[in-house]
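What follows is the residue order along each chain.
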There are 2 protein chains.
Amino acid sequence: MSFEFIDHGSVTSVPGFLACGVTAGFKRSGAPDFAMVFSEEPQTNFAGVFTSCTFAAAPVRLCQKRVLKNEYMRAVIINSGNANACTGDQGMAAAQQSCEIAAKALGIAPEEVGVASTGRIGVQMDMSLIERGVALAVPALAADGGNQAAEAIMTTDTVPKAAAVKVEINGKTVTIGAMTKGAGMIDPKLTVPHATMICIVTTDAVISNKTLLKILGKNAENSFNRITVDGDMSTNDTVLALANGRSGVEIAPDSAAEKLFADALLQVMQNLARRMVIDGEGATKFVEIKIVNARSVADAKLAAEAVGNSALCKTAWFGNDPNWGRVVAALGYSGAQFDPDKCDIYFDAIPVVKNGGDAGTAETDLLDTVKKSEFTITCDFNDGDCEYWVWASDFSYEYVKINADYHT
Amino acid sequence: MSFEFIDHGSVTSVPGFLACGVTAGFKRSGAPDFAMVFSEEPQTNFAGVFTSCTFAAAPVRLCQKRVLKNEYMRAVIINSGNANACTGDQGMAAAQQSCEIAAKALGIAPEEVGVASTGRIGVQMDMSLIERGVALAVPALAADGGNQAAEAIMTTDTVPKAAAVKVEINGKTVTIGAMTKGAGMIDPKLTVPHATMICIVTTDAVISNKTLLKILGKNAENSFNRITVDGDMSTNDTVLALANGRSGVEIAPDSAAEKLFADALLQVMQNLARRMVIDGEGATKFVEIKIVNARSVADAKLAAEAVGNSALCKTAWFGNDPNWGRVVAALGYSGAQFDPDKCDIYFDAIPVVKNGGDAGTAETDLLDTVKKSEFTITCDFNDGDCEYWVWASDFSYEYVKINADYHT
């Protein structure tokens, strides 16, 4: 099997997809803030997973309907600077109207357009900006526009995040491209078919909406749902995948091809999820928290998420502080069932806690590990065979600065 | 009914209680780090509520046993600088031995001594420091030593926190005194009889252990369990209450006297809980989050705690940012069941959100409120008649500084 990441890959690494990023005027800075992805194939299948927030934004609710009702999605428009969340009936009408404006300009049906928004919550959409965005975007659509699009969807992100892979399935090559944004309000809990992370996936596989949704949901659980920057889930988290079928490679349900495709897509999604954490607001550290040998996956998940979201652990990581007491405290209040006297903890491969107490490793030996920009904290409960992991960033002065100053 | 706070009140405002704070040597700074509270009455009833952390510290587990098994507690020793948590059998032996050392010096039984520890997790106790603490404390015990004791139990606290009230019950005066510490790792979930907040309560009421425990548990739920600084629960949270009976006022179960006593004690505990939040690590704001007209108390609690623990809300408060979108996002991911379209939000009395959308108040009108050092966020779900509230601090540069530098 051949599988490889494409250099500077993006949503337009996939044959038959065009994209662009333009400046519509949502951002005061004048930076690009409107992206469009377009499939040249009329019959482009699609799937989507979305935030489980009660206040799901208007574009989220609209796309959820599309996933349930519609057969094809040929275009996605994404604006950065206004979340169109908590905007009531007017917001929903704005989302619908945005699709109509794009559809008209592209010569397709409004139902074939998806929309995702990110930015300020509670502000009504300025439709003239959508109109300007669409008017600029349609002529700018290009077969090499994926990286521009990735730039236009950024908010507090410091770098654009796009990737693509080629994978050989049944002797032919399938390409999968994707872009994502999100540096704050990051703790997605994507549900099927119901994360302000936004991810747009493109592929030229031949795959049904149903199979694509199943794979997307499962992969989201093992990528975006495993990351946390600040423990705050957004009103707007959206992952949309478009499959234009141009490769001619059919991904039949429960086939070997499906496994190959799902694994390749997971590689792309994990690659982007990891980069979201590394580019997390103010982040200086990437910490993997692994709980192993737990009684249940649910226990392992409670424990991993408690450590990944602990303000005290996150500030300790920022401070290069090997204080495992904060890890232990977080495990202890997580609600996970385990025997504290059996718990071992490692920082990378170095034993830190043995049987619930100090493993005796000299603190100086731990410093080299916690000073690294990436390290793993493994908590072995020695109490079962279940596991769970999360990826978390640290909490820095810069995080506070970004979020105390974002709005004012 | 007469009820009043005593100026500069403390645990020693209660007749028959002595206290002191001395320097045993736990803190490198040389600041006082060892406190003792002592009741002159041989038959001093008591009760305690403790952390629900799986890794409960040795002194917590020892005091839990005392609450279940013992009749009297005449003395409590508290050290600051070593939590004696995750210290295994050796830690438990150290806690027991600490009680024995104090008992011997005081001429009472070891079972009559309670112990509470706060500080670094995972470090074995230096028993010579306990010995020195006890040796210095016993001769220093004084009828006006309560405020000294409150100082000695501080860790990252910037001010000592003590209070006392006098309440008239059945024509006689009952006094209740208390001290507390805790500025970080503050999100207590005290359970009966099982928060690193430490609180020692003294009273001269005549009250059984059972009645005192019932009141203490219920009051903890309405005071310490309502506060959050960083969302991190400690391994060492401890509330101990000692009742020496000297007032001669009997607090019979389910009597009017019990209600008067419980209410007075709640005033003291809420006073201290509020001051813990105001003195929270790096805190510049005290924010009350009230959920009203919810379907259930459980829903209201989930919602209130999500907002109180949201890093994005807390950094917005620090930044004087009226961004209600972050409040809405936190409510939305809290797991609480409510109808987003019915949700109204107020900053103090100013409408911010109406029916899930912008209430139309000019942002400049909100700025005066969010700039205040104390304000209330009320979320009206208009969906039932249940409510819950929490008190939360903000997240500042100073919080990160304190917690990135605490250890190293």
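Bear in mind that the values here come from a model prediction, so they are computed numbers and not experimental data.

**Topic: the sheet that holds strand 2 (residues 17-22) of chain A**
Residues and elements named next belong to chain A.
Then comes step 1: Across the sheet, which stays open at both edges, the four strands sit in the order 2-3-5-6 with mixed pairing between neighbours. Single-partner strands in this sheet number two, and they are strand 2 and strand 6 (113-120). Taking each pair of neighbouring strands and ignoring which way they run, the sheet shows an average axis angle of 10°.
Then comes step 2: Strand direction decides the pairing type here: strand 2 and strand 3 (residues 34-39), joined by six bridges, are antiparallel. Residue Val22 lies in a different strand from strand 3, and its bridge partner there is Phe34.

**Considering the sheet that holds strand 11 (residues 238-243) of chain A**
All names here are of chain A.
Then comes step 1: Reading across from one edge, 1-7-8-9-11-4 is the order of the six strands in this open sheet, with mixed pairing throughout. With one partner strand each, in any of the chains shown, strand 1 (3-5) and strand 4 (45-50) form the two edges of the open sheet. Adjacent strand axes in the sheet meet at a mean angle of 15°, parallel and antiparallel pairs treated alike.
Then comes step 2: Sheet analysis places strand 7 (residues 161-169) next to strand 8 (residues 172-181), joined by nine bridges and oriented antiparallel. Its bridge partner being in strand 8, Glu168 is matched across the sheet by Thr173.
Then comes step 3: Sitting on the sheet, helix 5 (residues 209-221) touches strand 4 and strand 11, and the angle it makes with strand 4 is about 35°.
Then comes step 4: Packed onto the sheet, helix 6 (residues 256-278) meets strand 1, strand 7, strand 8 and strand 9 (198-203) and runs at close to 160° relative to strand 7.

**Observations regarding the relation of the copies chain A and chain B**
Then comes step 1: Laying chain A over chain B is done by rotating through 180° and shifting 0.0 Å along the axis; what remains is an RMSD of 0.0 Å. Taken together, the rotation angle and the small translation identify this as a two-fold axis. By C-alpha distance to the rotation axis, the residue of chain A lying nearest is Tyr397 of chain A, at 2.7 Å.
Then comes step 2: The fraction of interface residues of chain A whose copies in chain B are also interface residues reaches 100%, indicating that both copies meet through the same surface.

**Digging into the side chain of Asn244 of chain B**
All names here are of chain B.
Then comes step 1: Mapped onto the secondary structure, Asn244 falls in the loop between strand 11 (238-243) and helix 6 (256-278).
Then comes step 2: In terms of polar contacts, Asn244 uses its side chain to reach the backbone carbonyl oxygen of Pro15, at 2.9 Å.
Then comes step 3: Setting aside its immediate chain neighbours within four residues, Asn244 contacts Pro15, Gly16, Phe17, Ser39, Glu41, Gln43, Thr44, Thr203, Asp204 and Ala205.

**Brief notes about the pattern of salt bridges**
Then comes step 1: Applying the stated criterion across every chain yields a total of 28 salt bridges over all chains.
Then comes step 2: As a salt-bridge pair, Asp348 of chain A and Lys372 of chain A come within 2.6 Å of each other at their nearest N and O atoms. Of this pair, Asp348 of chain A sits in the loop between strand 13 (344-347) and strand 14 (350-354) while Lys372 of chain A sits in the loop between helix 10 (363-370) and strand 16 (374-380), and the two are 24 residues apart along the sequence.
Then comes step 3: Taking relative accessible area as the criterion, Lys372 of chain A reaches 38% and is therefore assigned partly exposed.
Then comes step 4: Between Lys214 of chain B and Glu258 of chain B there is a salt bridge; the shortest N-O distance is 3.1 Å. Here Lys214 of chain B, found in helix 5 (residues 209-221), pairs with Glu258 of chain B, found in helix 6; they are 44 residues apart in sequence, far enough to count as distant.

**Brief notes about the interface of chain A and chain B**
Then comes step 1: On the chain B side, the residues contacting the 54 residues of chain A number 54 residues.
Then comes step 2: Interface area, chain A with chain B, both sides summed: about 4400 Å², of which 63% is carbon and sulfur.
Then comes step 3: Considering only the side of chain A, the residues that lose the most area to chain B are Phe55, Leu312 and Tyr397 of chain A, jointly responsible for 14% of the buried surface there.
Then comes step 4: Notably, a salt bridge pairs Glu363 of chain B with Arg120 of chain A, separated by 3.6 Å at the nearest N-O pair.
Then comes step 5: Where chain A packs against chain B, one counts four residue pairs in polar contact (both at pLDDT 80 or more).
Then comes step 6: Elements supplying a minimum of two residues to the side of chain A that touches chain B: helix 8 (311-318), helix 9 (325-333), strand 15 (357-358) and helix 11 (397-405) of chain A.

**Some points on the pairing of strand 9 of chain A**
In summary, the side chains of a regular strand alternate between the two faces of the sheet.
All names here are of chain A.
Then comes step 1: For strand 9, the buried fraction is high: six of the six residues fall into the buried class.
Then comes step 2: Judged by which residues are buried, strand 9 turns out to be covered on both faces: Ile198, Ile200 and Thr202 on one side and Cys199, Val201 and Thr203 on the other are all buried.
Then comes step 3: By the bridge criterion, six bridges tie strand 8 to strand 9 in an arrangement that is antiparallel. Looking across to strand 9, one finds that Lys181 is bridged to Ile198.
Then comes step 4: The pairing of strand 9 with strand 11 spans six bridges and is parallel.

**Overview of the pairing of strand 17 (residues 386-393) of chain B**
Residue and element names in this part refer to chain B.
Then comes step 1: The element strand 17 is extensively covered by neighbouring structure, given that seven of its eight residues are classed as buried.
Then comes step 2: Across two bridges, strand 10 (residues 227-228) lies against strand 17 in parallel orientation. Looking at the pairing, Ile227 lines up with Trp391 of strand 17.
Then comes step 3: For strand 12 (residues 286-294) and strand 17, the ladder comprises seven bridges, and the chain directions are antiparallel. Its bridge partner being in strand 17, Lys290 is matched across the sheet by Trp389.

**A few points about the packing of aromatic side chains**
Then comes step 1: For the coordinates displayed, the defined rule picks out 17 aromatic pairs over all chains.
Then comes step 2: Ring centres of Trp389 of chain A and Trp391 of chain A lie 4.8 Å apart, and the angle between their planes is 40°; this geometry places the pair in the tilted category. Both residues of the pair, Trp389 of chain A and Trp391 of chain A, count as buried.
Then comes step 3: Seen in terms of ring centroids, Phe347 of chain B and Phe375 of chain B are 6.3 Å apart; in terms of plane orientation they differ by 45°. Their pairing is tilted. Here Phe375 of chain B lies in strand 16 (residues 374-380) and Phe347 of chain B lies in strand 13 (residues 344-347), a separation of 28 residues in the sequence.
Then comes step 4: These aromatic residues form a ring-pair network of at least three members: Phe395 and Tyr399 of chain A together with Phe395 and Tyr399 of chain B.
Then comes step 5: In this arrangement the basic side chain of Arg226 of chain B is found over the ring face of Tyr388 of chain B, its NZ or CZ atom lying 3.7 Å from the centre.

**Some words on the side chain of Thr175 of chain A**
Then comes step 1: Here Thr175 of chain A lies in strand 8.
Then comes step 2: Among all residues touching Thr175 of chain A, those that are not within four sequence positions of it are Ile6, Ser13, Val14, Pro15, Val165, Lys166, Thr202, Thr203 and Asp204 of chain A.

**Structural notes on the packing of helix 11 of chain A against helix 11 (residues 397-405) of chain B**
Then comes step 1: Orientation of helix 11 of chain A relative to helix 11 of chain B, taken along the N-to-C sense of each, is 165°, at an axis distance of 9 Å. As the angle between them shows, helix 11 of chain A and helix 11 of chain B are arranged roughly antiparallel. Helix 11 of chain B is crossed by helix 11 of chain A, and the crossing has right-handed handedness. Residues Tyr397, Val400, Lys401 and Asp405 of chain A of helix 11 of chain A form the contact with helix 11 of chain B, whose participating residues are Tyr397, Val400, Lys401 and Asp405 of chain B.
Then comes step 2: Each residue belonging to the contact of helix 11 of chain A with helix 11 of chain B can be placed in one class, and the counts come to four nonpolar, no polar and four charged.

**Remarks on unusual backbone geometry**
All names here are of chain B.
Then comes step 1: With a phi close to 50°, Asn170 is a non-glycine residue in the positive phi region.
Then comes step 2: Here Asn170 is to be found in the loop between strand 7 (161-169) and strand 8 (172-181).
Then comes step 3: In this model, Asn293 sits at a positive phi of 55°, which is unusual for a non-glycine residue.
Then comes step 4: Within the secondary structure, Asn293 is located in strand 12.

**Some details on helix 8 (residues 311-318) of chain B**
Residues and elements named next belong to chain B.
Then comes step 1: In terms of burial, helix 8 is largely enclosed, as seven of its eight residues are buried.
Then comes step 2: For helix 8, the complete set of buried residues consists of Ala311, Leu312, Cys313, Lys314, Thr315, Ala316 and Trp317.
Then comes step 3: Positive phi shows up at Asn320, right after helix 8, with a value of about 55°.

**Focus on the confidence of the model for chain A**
Residue and element names in this part refer to chain A.
Then comes step 1: Averaged over all residues, the pLDDT of chain A is 91; the fraction at 70 or higher stands at 96%.
Then comes step 2: Taking the mean pLDDT of every element in chain A, the minimum, 83, falls on helix 11 and the maximum, 98, on helix 3 (residues 127-140).
Then comes step 3: Interface predicted TM-score (ipTM) for the complex: 0.78; the corresponding pTM is 0.83.

**Focus on the packing of helix 7 (residues 297-309) of chain B against helix 8 of chain B**
All names here are of chain B.
Then comes step 1: Running from amino to carboxyl end, helix 7 crosses helix 8 at an angle of 55°, the nearest separation of the two axes being 5 Å. Comparing the axis directions of helix 7 and helix 8 gives the class oblique. Counted together, Val307, Gly308 and Asn309 of helix 7 and Ala311, Cys313, Lys314 and Trp317 of helix 8 form the full contact between these two elements.
Then comes step 2: Across the contact of helix 7 with helix 8, the residue classes tally to four nonpolar, two polar and one charged.

Here is what the cut-offs are and how they apply
- Residues numbered from 1 in each chain as written.
- Chains lettered and ligands numbered in written order.
- Predicted model: local features only at pLDDT ≥ 70, side-chain atom pairs only at ≥ 80, totals over all residues.
- Heavy atoms only, no water.
- Pairing = 2+ DSSP bridges.
- Helix = DSSP H or I, 4+ residues; strand = E, 2+ residues; numbered from the N terminus.
- Axes fitted to C-alpha atoms, helices over the stretch in contact; angles between N-to-C directions.
- Contact = heavy atoms within 4.5 Å.
- Least-squares fit on C-alpha atoms with pLDDT ≥ 70 in both.
- Polar contact = N/O pair within 3.5 Å; in protein donor to acceptor, adjacent residues only side chain to side chain.
- Salt bridge = Lys/Arg side-chain N within 4 Å of Asp/Glu carboxyl O.
- Buried < 20%, exposed > 50% of the residue type's maximum accessible area, 1.4 Å probe, protein only.
- Buried area = accessible area lost by both parts, 1.4 Å probe.
- Phe/Tyr/Trp six-rings, centres within 6.5 Å; stacked < 30°, edge-to-face > 60°.
- Lys NZ or Arg CZ within 6 Å of the ring centre and 35° of its normal.
- Parallel < 35°, antiparallel > 145°, perpendicular 65-115°, else oblique.
- Left-handed = near helix turned anticlockwise from the far one by under 90°.
- Nonpolar A, V, L, I, M, F, W, Y, C, P; charged D, E, K, R; others polar.
- pLDDT = per-residue confidence, 0-100.

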